[in-house]
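# Architecture and fold: a report
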Amino acid sequence: MSPTLVCIFQMKVQYIEEVASDNTWKVFYTPQGSDDLHMVTAHIVIRAAGTLGSNEILLRSKEKGLVVSERLGEGYSSNGDQLGIVVLRCRVS
Ligand SMILES: Cc1cc2nc3c(=O)[nH]c(=O)nc-3n(C[C@H](O)[C@H](O)[C@H](O)COP(=O)(O)OP(=O)(O)OC[C@H]3O[C@@H](n4cnc5c(N)ncnc54)[C@H](O)[C@@H]3O)c2cc1C
């Protein structure tokens, strides 16, 4: 059977689960603007949710039982010398 590629857009990955018995992964996600939890299975999962998103997914997965390093989320820093946050308050009259 030829490999199948399925693209699902506008989804937020909530967490992943390892199914050790058949060497697969379950990826749980919610469509944008919805709390309905959906799931796909895969033999290979590539996490590419950026620095914050990937940590977030793994921390939620840890809560669901995924075994990860105890140091997940620690030792965090930017790749520059400074990291700033700007908060703008706009007054609408
Ligand atoms: C201000 C700024 C300037 C930068 N300038 C440069 C530069 O000049 N040169 C350079 O080489 N690099 C630069 N970088 C770094 C570069 O942007 C990152 O290294 C690169 O974008 C990382 O790519 P990525 O695909 O891993 O993650 P990202 O580009 O962050 O992509 C992650 C994607 O995953 C999505 N996502 C997150 N969480 C979930 C979820 N739960 N479910 C589904 N999708 C999710 C996000 O919406 C996003 O679309 C800069 C970064 C910043 C913040």
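Residue numbers restart at each chain and count upward from 1, following the sequence in its written direction. This being a predicted model, a pLDDT of at least 70 is required before a residue's local features are given, and a value of 80 or more before pairs of side-chain atoms are given or counted; all residues contribute to the totals for chains, interfaces and linings.

All right, on to the site of the ligand then. Nearness here has a simple definition: the residue's C-beta atom, placed using the backbone, must lie within 6 Å of the molecule or strand. Taken together, Lys-12, Val-13, Ala-48, Ala-49, Gly-50, Gly-53 and Ile-57 are the residues near the ligand. Elements with a contribution of two residues or more to the shell around the ligand: β1 (11–19) and α1 (50–63). Residues are grouped as follows: Ala, Val, Leu, Ile, Met, Phe, Trp, Tyr, Cys and Pro are nonpolar; Asp, Glu, Lys and Arg are charged; every other residue, Gly included, is polar. Here the shell around the ligand is composed, by residue class, of four nonpolar, two polar and one charged. The helix and strand labels rest on DSSP assignments: H or I over at least four residues marks a helix, E over at least two residues marks a strand, and numbering proceeds from the N terminus.

Criterion used throughout: strands pair if DSSP finds at least two bridges between them. Taken together, three strands build an open sheet; the order of strands is β1-β2-β3 and the sheet is antiparallel. Two strands lie at the open edges of the sheet, namely β1 and β3 (38–42), each paired on one side alone. For this sheet, the mean angle separating the axes of adjacent strands, direction not counted, is 25°. Alignment of β1 against strand β2 (residues 24–31), held across eight bridges, turns out to be antiparallel. Among the inter-strand pairings, Glu-18 is bridged to a residue of β2, identified as Trp-25. Lines are fitted to the C-alpha atoms to define the axes, a helix being fitted only along its stretch in contact, and any angle between axes, read from their N-to-C directions, falls within 0 to 180 degrees.

Purely geometric stuff here, so don't read any function into it on its own.
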